[in-house]
Amino acid sequence: MAFRFPSLGFCQSKPNGVGGFSSSRCSTIVSRVLSTSVETRVNEKNFERIYVQGGGEGGVNVKPLVVERIDKDENIVGEEASRIEVNGVVGDVDGDVSLRNLEGLSESKVEGKEEEEESEVEKEALRLLREAVVSYCGSPVGTVAANDPGDKQPLNYDQVFIRDFVPSALTFLLKGEGEIVRNFLLHTLQLQSWEKTVDCYSPGQGLMPASFKVRTVPLDENTYEEVLDPDFGESAIGRVAPVDSGLWWIIMLRAYGKLTGDYALQERVDVQTGLKMILNLCLSDGFDMFPSLLVTDGSCMIDRRMGIHGHPLEIQALFYSALRCSREMLSLNDGSKNLVRAINNRLSALSFHIREYYWVDMKKINEIYRYKTEEYSMDATNKFNIYPEQIPSWLMDWIPEEGGYMMGNLQPAHMDFRFFTLGNLWSVVSSLGTPRQNTSILNLIEAKWDDLVCHMPLKLCYPALEFEEWRIITGSDPKNTPWSYHNGGSWPTLLWQFTLACMKMGRLELAQKAVSLAEKRLQIDRWPEYYDTRTGKFIGKQARLFQTWTIAGFLASKLLLKNPEMASFLFWEEDYELLEICVCALSKSGRKKCSRFAAKSQILV
């Protein structure tokens, strides 16, 4: 399998700017080039000083980011990657990854059998995906969100979104076409360094854009240039920063290395620095008492008001995945020791927190049902002061005897019991859940197939907000009406993530069932963005057609099923060493024993 990786040549700046934009032939639009030094801090220790040098006010001659190492700690925390070979494919795999579930899947491929012929649906999907490719200075850099020829008002669907490009990237990588993914990673990395301002306020450095657009800007009567115009949320609905963009970028960077073998990209100084900037932003100290990330509504795939502000599961699962990716990719040296240590500590605390407090099954619901409230004690059972009356009536009848899931959100005096599919699938893929919990999540999806899949996989969340609850929580959002869009709509792009989770857990039949269901309708329905109604029977009322991540999600699922040995490079198994890490100050002070040991019997399953 050959990969083509041409070097990215960034053109020279010219002295005459246009409208305040960069005047280079292949440029990046910025409101003001950042030329400053940033002190980064993790666990109250400076682990490095990063200098980001721009090209001045008139252009964007982007120079490699300079990293000055200043930390002199001695203890290096890290782990060696191991090389494995599966069906002739060689690659690095995290030390804790086993292929026990994929061994059975690989046996289904008959030795010597020629590659399975593509169906007409797959051929059309691949053609549409290639037509959605965006080029910049003659090189592919991504895919537009939607390429509907009948759409007269594309809004921002003609832009390249980081989260939307993930299934496209995976499809290209599985097809042996790594150039576009490499270009995407490097160009979005450059966009990360620029200053972002909304109403005279700039968010933290390290923020990745939600999307970018390739624009053509006239230099004079006969000369034009291409520029990249990023959106960091300053143009988005609600002006919300895309928290998940940086997390997806890290996950994509690891996948690129695993599937191409081009690990030199991860080792570049600018890539290492950009990776650290994202991590430093996520690991910065704050007022929060929990290891989970605190975010506002609309900061991820659900980018409208849906009552997910706080600590939504989707962000926590992607955060956990990104931390595990980063631990593999960070270069170990004097400047990264404290950062690696902080990652290990956060991974341990986050996995315990989610497994212990987000998990919902029959036993846990009964426990919450009998909670005592207003407990002022370090030994309190009801740590978040949850009132039993919060348990919704639908849940009591809906939860199956065998199965469970991670709840959507957890805050003081508030549990969001809705089932959010993306967060639960990534809990399985990343092993944020225990092996038993991961199995139970897929058991629940199987048991509640008619609710979560039915005519089209898969519901983004279940159940929908209705009546007064919809009016209060969404603000009467006309796009997120009950059983539509984010509010209980069915999104085919979730198919590849479901396929990956099923393959990890050895539930190939579930993935094949869902893919077959989607294959019957997607081409006929012209590849919609989402489906409406409780059963996913109708195309979404405002759904864009020829939605790229619908197309790519389907293709990625088919490619994974045909090449099950490749899935091992995209998921993680349980890391038992993480469960032994504890930085609890209480256990060291002698005031109280760490609560983790009391619950160890529950999380080590």
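Residues numbered from 1 in each chain as written. Predicted model: local features only at pLDDT ≥ 70, side-chain atom pairs only at ≥ 80, totals over all residues. Heavy atoms only, no water.

Enquirer: What is the right way to look at the nonpolar core in this model?
Expert: Most often, soluble globular proteins keep nonpolar side chains buried together rather than apart. Ranked by internal contacts, the top residues of the largest apolar core, which has 161 residues, are Trp-426 and Phe-498. Shared between two domains, this core holds at least three residues of each, these being domain 1 (119-243) and domain 2 (244-601). Apart from the residues lying within four places of it in its own chain, the contact partners of Trp-426 are Trp-248, Ile-251, Ala-317, Leu-318, Ser-321, Trp-496, Gln-497 and Trp-572. (Core = buried A, V, L, I, M, F, W, Y, C linked by side-chain atoms within 4.5 Å. Buried < 20%, exposed > 50% of the residue type's maximum accessible area, 1.4 Å probe, protein only. Domains from an automatic or database assignment. Contact = heavy atoms within 4.5 Å.)

Enquirer: Would you mind showing me how to read the sheet that holds strand β13 (residues 405-411) here?
Expert: The strands that make up a sheet are held in pairs by hydrogen bonds between backbone atoms, and each pair lies either parallel or antiparallel. A sheet is described by the order of its strands in space; here 4 strands give the open sequence β12-β13-β14-β15, paired in antiparallel fashion. Among the strands making up the open sheet, the edge pair consists of β12 (359-360) and β15 (461-462). In this sheet, β13 lies alongside β12 in antiparallel orientation, the contact comprising 2 bridges. Bridge pairing in β13 places Trp-359 opposite Met-406. Where helix α13 (residues 435-447) meets the sheet, it contacts β12, β13 and β14 (414-420), and its direction lies at approximately 105° from that of β13. (Pairing = 2+ DSSP bridges. Helix = DSSP H or I, 4+ residues; strand = E, 2+ residues; numbered from the N terminus. Axes fitted to C-alpha atoms, helices over the stretch in contact; angles between N-to-C directions.)

Enquirer: Could you clarify how one ought to interpret the packing of helix α5 (residues 243-260) against helix α7 (residues 269-283) in this entry?
Expert: Packed helices, taken two at a time, are described by their axes: the angle between them and the distance between them. Two numbers describe how α5 lies on α7: the axes approach to 10 Å, and their chain directions differ by 140°. By the criterion of interaxial angle, the relationship of α5 to α7 is oblique. Here α5 and α7 pass one another in a crossing that is left-handed. Where α5 approaches α7, its residues Gly-246, Leu-247, Trp-249, Ile-250 and Leu-253 are matched on the opposing element by Val-271, Leu-275, Ile-278, Leu-279 and Cys-282. (Parallel < 35°, antiparallel > 145°, perpendicular 65-115°, else oblique. Left-handed = near helix turned anticlockwise from the far one by under 90°.)

Enquirer: How should I be thinking about the packing of helix α4 (residues 179-192) against α7 in this particular structure?
Expert: Where α4 contacts α7, the axes come no closer than 10 Å and their chain directions differ by 55°. Taken together, the axes of α4 and α7 are oblique relative to one another. Taken as a pair, α4 and α7 cross one another with a handedness that is left-handed. Contact residues: α4 offers Leu-186, Leu-189 and Gln-192, while α7 offers Asp-270, Val-271, Gly-274, Met-277 and Ile-278.

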